[in-house]
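Chains, contacts and geometry: an overview
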Amino acid sequence: MSIKLKTSKAVKDKDDVIVLLGSGDSEETYVLSDIEQQYLQKQLKSKKDVIAVNQYQRWVFLVSPVTEESAEYALETYRKRGASLYQTLKQEGVKKIKISGGETAQILALTEGLALAAYQFSTYRKDLKENLSSNVKEVSLVHPEVSSRDVQEVNNIVAGTFLARNLVNEPVISLNAEKLSRAFKKAGKDSGFKVEVFDKAKIKSLKMGGLLGVNAGSPDPPTFNILEYKSDKAVNKQPYVIVGKGVTYDTGGLSLKPSTSMDTMKSDMGGSAAVIGTMVAVAKNKLPIHLIGLVPATDNRPGGNAIVPGDVITISDGTTVEVLNTDAEGRLILADALSFAKKYKPALVIDLATLTGAAAVAIGKEGMVMMGSDSDDYKNQLKQAGEATYERLVEFPLWKEYRDYLKSDIADLKNIGGRMAGAITAGMFLKHFTDYAWIHLDIAGVAFLDSLDSYRGKNGTGAGVRLLYHFFKKLAHSA
Ligand code: BES
Ligand code: ZN
Ligand code: ZN
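Values in this document were obtained by computation on a predicted structure and should not be read as measured data.

1. Considerations on the overall build of the protein chain
Scanning the protein chain for helices and strands turns up 15 helices and 20 strands. The C-alpha radius of gyration computed for the protein chain amounts to 24 Å, which stays within 12% of the reference 23 Å derived for 479 residues, consistent with globular compactness. Oriented by its inertia axes, the alpha-carbon framework of the protein chain measures out at about 80 × 50 × 40 Å. Every one of the 479 residues in the protein chain was classed for burial, and the buried ones make up 57%. The long-range share in the protein chain, meaning contacts at least 24 apart out of those at least 6 apart in sequence, stands at 77%. Here the protein chain has roughly 20500 Å² of accessible surface; of this, 49% comes from carbon and sulfur atoms. The centroid of the 61 positive side-chain charges in the protein chain is displaced by 5 Å from the centroid of its 56 negative side-chain charges.

2. Considering the coordination of the zinc ion (ligand 3)
Taken together, Lys245 (NZ), Asp250 (OD), Asp268 (OD) and Glu329 (OE) make up the full set of protein donors to the zinc ion (ligand 3), lying 2.0 to 2.4 Å away. Of note is the zinc ion (ligand 3), whose six donor atoms meet at the metal with angles of 78 to 174 degrees in an arrangement that counts as octahedral. Taken as a pair, the zinc ion (ligand 3) and the zinc ion (ligand 2) lie 3.2 Å from each other and share aspartate 250 as a ligand. Remark: aspartate 268 occurs in the loop between helix 9 (259-262) and helix 10 (270-284) and aspartate 250 occurs in strand 10 (residues 246-250); sequence separation between them is 18 residues. Taken as a pair, aspartate 250 and aspartate 268 share a single burial class, namely buried.

3. A closer look at the packing of aromatic side chains
Evaluated as defined, the whole model comprises 14 aromatic pairs. On the numbers, 6.1 Å between centres and 65 degrees between planes, the contact of phenylalanine 340 with tyrosine 344 is edge-to-face. The same class applies to phenylalanine 340 and to tyrosine 344, which are both buried. In this structure an aromatic cluster arises from ring pairing among Phe198, Phe224, Phe340 and Tyr344. The aromatic ring of phenylalanine 198 is capped on one face by lysine 202, whose charged end is 5.1 Å from the ring centroid.

4. Examining the nonpolar core
Within the largest apolar cluster, 54 residues are counted, with the highest numbers of intra-cluster contacts made by Phe193, Ile289, Ile350, Leu382, Leu441, Phe471 and Phe472. Per element, the largest residue contribution to this core is nine residues, and it comes from helix 10. Here phenylalanine 193 is in contact with Phe184, Ala187, Gly188, Leu227, Glu228, Tyr229, Ile276, Met279, Val280 and Ala283, once residues within four sequence places are set aside. Grouped together as the second largest cluster of nonpolar side chains are 47 residues, Phe198, Ile203, Ile307 and Ala341 included.

5. Looking at the pairing of strand 3 (residues 50-54)
Direction of pairing for strand 3 relative to strand 4 (residues 59-63): antiparallel, over a ladder of five bridges. Paired with asparagine 54 across the two strands is tryptophan 59, which belongs to strand 4. Where strand 3 folds back on strand 4, the antiparallel hairpin that results is connected by four residues, among which tyrosine 56 adopts a positive phi of roughly 65 degrees.

6. Here's the deal with the coordination of the zinc ion (ligand 2)
The coordination sphere of the zinc ion (ligand 2) contains the protein donors Asp250 (OD), Asp327 (O), Asp327 (OD) and Glu329 (OE), at a distance range of 2.0 to 2.2 Å. In this structure, the zinc ion (ligand 2) is surrounded by six donor atoms whose angles at the metal cover 71 to 168 degrees, and the resulting shape is irregular. Each donor residue of the zinc ion (ligand 2) lies on the same chain, and together they follow the pattern D-x76-D-x1-E.

7. Overview of the domain arrangement of the protein chain
In terms of domain boundaries, the protein chain breaks down into domain 1 (4-146) and domain 2 (156-478). The interface is formed by 15 residues belonging to domain 1 together with 17 residues belonging to domain 2. Regarding the contact of domain 1 and domain 2, the summed buried area is about 1500 Å², with carbon and sulfur atoms giving 63% of it. Sorting the residues of domain 1 by area buried against domain 2 places Leu116, Tyr119 and Phe121 first, and these three jointly supply 41% of that buried surface. On the surface where domain 1 and domain 2 come into contact, there are one salt bridge. For arginine 466, the salt bridge identified is with glutamate 112, shortest N-O distance 3.2 Å. Taken together, the connections running from domain 1 to domain 2 amount to eight residue pairs in polar contact (both at pLDDT 80 or more). At the level of secondary structure, the elements contributing two or more residues to the side of domain 1 that touches domain 2 comprise helix 2 (71-92) and helix 3 (104-117). Ranked by residue count, the leading element in the side of domain 1 that touches domain 2 is helix 2, at six residues. Partitioning the side of domain 1 that touches domain 2 into residue classes produces nine nonpolar, one polar and five charged.

8. Some details on the sheet that holds strand 12 (residues 311-314)
What the three strands build is an open sheet, ordered 12-13-17; its pairing is mixed. Two strands close off the open sheet at either side, each with one partner strand: strand 12 and strand 17 (413-414).

9. Some remarks on the sheet that holds strand 2 (residues 17-20)
Sheet architecture is open: six strands sit in the order 1-6-5-2-4-3, paired in mixed fashion. Each edge of the open sheet carries a strand with a single partner, namely strand 1 (4-7) and strand 3. Each strand of the sheet is rotated relative to its neighbour by a mean of 20 degrees, with strand direction disregarded. Inspection of the sheet shows strand 5 (residues 96-101) paired to strand 6 (residues 138-142) by five bridges, in the parallel sense. By the bridge assignment, serine 100 is partnered in strand 6 with valine 142. On top of the sheet, helix 3 reaches strand 1, strand 2, strand 4, strand 5 and strand 6; it is set at about 155 degrees to strand 5, its chief contact.

Conventions and cut-offs
Residues numbered from 1 in each chain as written. Chains lettered and ligands numbered in written order. Predicted model: local features only at pLDDT ≥ 70, side-chain atom pairs only at ≥ 80, totals over all residues. Heavy atoms only, no water. Helix = DSSP H or I, 4+ residues; strand = E, 2+ residues; numbered from the N terminus. Rg over C-alpha atoms; globule rule 2.2 N^0.38 Å. Buried < 20%, exposed > 50% of the residue type's maximum accessible area, 1.4 Å probe, protein only. Contact = heavy atoms within 4.5 Å. Areas by Shrake-Rupley, 256 points an atom, 1.4 Å probe, with all protein chains shown as cover. Lys, Arg positive; Asp, Glu negative; His and termini not counted. Charge placed at Lys NZ, Arg CZ, Asp CG, Glu CD. Donors = N, O, S within 2.8 Å, 3.2 Å for Na, K, Ca; no water. Tetrahedral: all angles 85-135°; square planar, octahedral: opposite > 155°, others 65-115°. Phe/Tyr/Trp six-rings, centres within 6.5 Å; stacked < 30°, edge-to-face > 60°. Lys NZ or Arg CZ within 6 Å of the ring centre and 35° of its normal. Core = buried A, V, L, I, M, F, W, Y, C linked by side-chain atoms within 4.5 Å. Pairing = 2+ DSSP bridges. Domains from an automatic or database assignment. Buried area = accessible area lost by both parts, 1.4 Å probe. Salt bridge = Lys/Arg side-chain N within 4 Å of Asp/Glu carboxyl O. Polar contact = N/O pair within 3.5 Å; in protein donor to acceptor, adjacent residues only side chain to side chain. Nonpolar A, V, L, I, M, F, W, Y, C, P; charged D, E, K, R; others polar. Axes fitted to C-alpha atoms, helices over the stretch in contact; angles between N-to-C directions.

This is how it looks when you write it as structure tokens:
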């Protein structure tokens, strides 16, 4: 399922090859005969993106130069071409391919798009499992400036993203909170970071009333997960903390969702998937940082002792919350996690959550909604990482007036803010539990896609992994 990426010294005569063309007359067309050259020139004039030449012995795919206004969009175009090349290779039964030409960033972007497009969730599909052998197996980069380390880095980012996608795609029947914790432990062991799991008794002793409240209607116990990666060469004295919403299924609880809105709610742990995927990518690539991941995990169900609208619960920091809608559960479990994060005296906390339909309605699947209380510096760097990885961010305000939307008659806060500004009032609720530099990412629009979108695929996307990896890499290297 995942393609093996490596480097290679040369493209031989019979090797299938993808060639990135430069903007001038470049030597990259060495592979073509005169007649093929003429064909190429014609195709380029008619603005074809990828020109396929069947040389009988092998395929040559020529990728026309990308001239976009921004460097970021140009790289995104290469990723997308990589994804469509993957589909072509699969159709043609090409199992091994070499890639050469272009600039370092371009060839790596194309490779990343190609590798990400190869994802399949085949666990429950006999047909896919039987056809695994027909997939592209190996991609070798032939480029003077691309090292095996560069290629391995892409491999590891893809691995983190695929793990995140797998977890999102797994239904709750086989991935409840305890099983999610087991998956974290396995990932930690494989990739080199520590995982500590708090069970229900420990969660009770910590008085995590948000997590316990959401869990009250479930037959399965909650877990609270602490992931820690610390490089000996960490550039940050205070840790960076990433927090992920781990609602393994969101029925809405007693404020039950309408049935079609529930169909994809196994993806409500998309924030936690981004956290684990990032930990994997960071640890495998040995970034010189100290990074902690926190995941409160439970499903949200209406059974047994489920909390009811009107209940008042107490978060671990002592804040009381009047729960007027049990479907606004993400903020309740995140409240406990964000309160817990205080003890690390973190340099920065970023939380990721499929938190509100309102965020998805506002900007759709094209980006994440960002809010935050940190000084602009981290926010700007995260926005830049968003452009570079094309996991783009739109900032919403946290004006203090929104605080009033959450006033309760009988508790410190209520958990919903009314019909208006839904993504913001959710962010405002979270802000209450922070006393450090903090950024909130509402990923409701991007964590799960109903239709195929290039290298993001269909269903679980692993959104957030590439963004955060890139962000932390930049932080580490600019320190
Ligand atoms: N998990 C949902 C948000 C969501 C909706 C994610 C659609 C992905 C796609 C969240 O727990 C929720 O139900 N939010 C409510 C909040 C409301 C009750 C204030 C919502 O958005 O409707
Ligand atoms: Zn909900
Ligand atoms: Zn939810």
